[in-house]
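# Survey of secondary and tertiary structure
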Amino acid sequence: MSPLRIWLIGFGMVGRWLASALDAHTGRLATRYGRAVTVVGIANGHDGFVYDPDGLDLAAVLAAADAGRPITGQPGTRVWPTAIEGLRATEADLLVEVTASPSADGEPGLTHMRQALDRGIAVVTSNKWPVALHGTELVALARRQGVPFRAESTVMSGTPVLSTLTEGIAGAVPTALRGVLNATANFVLSQMADGTSYEDALTSAQREGLAERDPAADVEGHDTVAKVMILSALVFGRQLYREQVTCRGITGITGQQARQAASAGGRLRHVATLAFSGPDGAGTVTARVQPEALPARDPLASIEGVSNAVVCQASPVGQVTITGPGAGPQLAGQGVLSDIIAAARWQLANS
Ligand SMILES: NC(=O)c1ccc[n+]([C@@H]2O[C@H](COP(=O)([O-])OP(=O)(O)OC[C@H]3O[C@@H](n4cnc5c(N)ncnc54)[C@H](OP(=O)(O)O)[C@@H]3O)[C@@H](O)[C@H]2O)c1
């Protein structure tokens, strides 16, 4: 069978990790999962879109990016100034969308995804805001076109939350979930429980490469708001507006509050809550992100450092807890890679 042809849009930390993983493991992926993969198009914001229908030389594109040369300077390839133009003019079987699109409108990622789905081309993405703002629309569009739409690494990176809740317990009726969904915020609160100041804990998170240089989205809770909206759309089938999720960050937390929760045997955690009065996302919604002092018996209290967790209530399963590392480009790349393999297997089964 011919290889799965991929467009890789976004060539930052996640896109480059993926390109090197696909380059290093082409043979293994084909043997293990029964379908070879080839990257035919790559784009970033600065250089535009480069395309070779026979497959790009990933090592050469990576070398160009690492050396600060344009990724589009590959011999024998075709080039378009933007991803949108390149996507429109070329062919592939799967769009891997790993640009970073802001919370205001989720663009340019949203347009890239709609463009592919409109043409009946499957999409996998790690890009949070397009999915947070338009998740149910993208899922419905993919369903109408009969192709996969997957966004595993938008929530807890490579730890399989979305596939567990939508496929692993498919058929169960989810009613509510709680989670610790931001690695930086949890790292900071964990350190503060041990007596470190907020400022020192945040500096340490930045030194570890966890926090953004501007960590506002992490510590003010906006990143977690996006994840709550994604979980609502993809697990419960209910699209939320951003204003429906109340949000309080951890910036005002004092060391005393963190130590007090710890001395009582519990922990202060930045908790996301999502609940519906009816089954499958029906009825009144409760959606919030806020610091909470949790007793030791709460499963979220023991989630330390860069670990994250989701505790989901679903009938007839009861309580399902998924825990694992919550951030990092390799982990985000791994989540996308697992989605690529799932999409490849789906196409194999449906060809
Ligand atoms: N890093 C993580 O730990 C992590 C974890 C989970 C999810 N994610 C999500 O995964 C996505 C990628 O993350 P990242 O860390 O790789 O981000 P990044 O390093 O900032 O890379 C973003 C890439 O998108 C490209 N881009 C921007 N506008 C574009 C456009 N119009 N057309 C084509 N490419 C465009 C950028 O190109 P230029 O460099 O030329 O501007 C850059 O190559 C983000 O949405 C992020 O939120 C990341």
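Look above for the structure.
A few points on the structure. (Residues numbered from 1 in each chain as written. Predicted model: local features only at pLDDT ≥ 70, side-chain atom pairs only at ≥ 80, totals over all residues. Heavy atoms only, no water.)

With that settled, consider the nonpolar core. Grouped together as the largest cluster of nonpolar side chains are 89 residues, with contacts concentrated most on Trp-7, Ile-42, Val-96 and Leu-274. It is helix H10 (residues 222-236) that contributes the most residues to this core, ten residues altogether. With residues near it in sequence (within four places) discarded, Val-96 still touches Ile-6, Trp-7, Leu-8, Ile-9, Leu-18, Val-124, Val-336 and Ile-340. Residues Val-188, Leu-202, Val-219 and Ala-261 belong to the second largest nonpolar core, which totals 13 residues. (Core = buried A, V, L, I, M, F, W, Y, C linked by side-chain atoms within 4.5 Å. Buried < 20%, exposed > 50% of the residue type's maximum accessible area, 1.4 Å probe, protein only. Helix = DSSP H or I, 4+ residues; strand = E, 2+ residues; numbered from the N terminus. Contact = heavy atoms within 4.5 Å.)

Let's shift gears to the packing of aromatic side chains. Enumeration over the complete set of coordinates arrives at four aromatic pairs. Each ring, one from Phe-49 and one from Tyr-51, has its centre 6.3 Å from the other, and the planes form 20 degrees; the classification is stacked. What makes Phe-49 buried here is its relative accessible area of 0%. The structure contains a cluster of three or more aromatic residues connected by ring pairs, namely Phe-49, Tyr-51 and Trp-80. (Phe/Tyr/Trp six-rings, centres within 6.5 Å; stacked < 30°, edge-to-face > 60°.)

Glancing now at the layout of surface pockets. Over the atoms rolls a probe the size of a water molecule, and in doing so it shows where empty space is left. By volume, the second largest pocket amounts to about 500 Å³. For the second largest pocket, the lining is made up of 20 residues, of which Val-139, Arg-143, Phe-149, Thr-166 and Leu-234 are closest to its centre. Counting residues per element, the ones that place at least two in the lining of the second largest pocket are helix H5 (128-145), strand S7 (149-150), helix H6 (162-168) and H10. Counting residues per element, the lining of the second largest pocket draws most heavily on H5, which supplies five residues. Split by residue class, the lining of the second largest pocket holds eleven nonpolar, four polar and five charged. (1 Å grid on protein atoms, 1.4 Å probe; cavity = no way out; pocket = protein on both sides within 12 Å on 5 of 7 lines; lining within 4 Å. Points joined across faces, edges and corners; volume = space filled by probe spheres on them. Nonpolar A, V, L, I, M, F, W, Y, C, P; charged D, E, K, R; others polar.)

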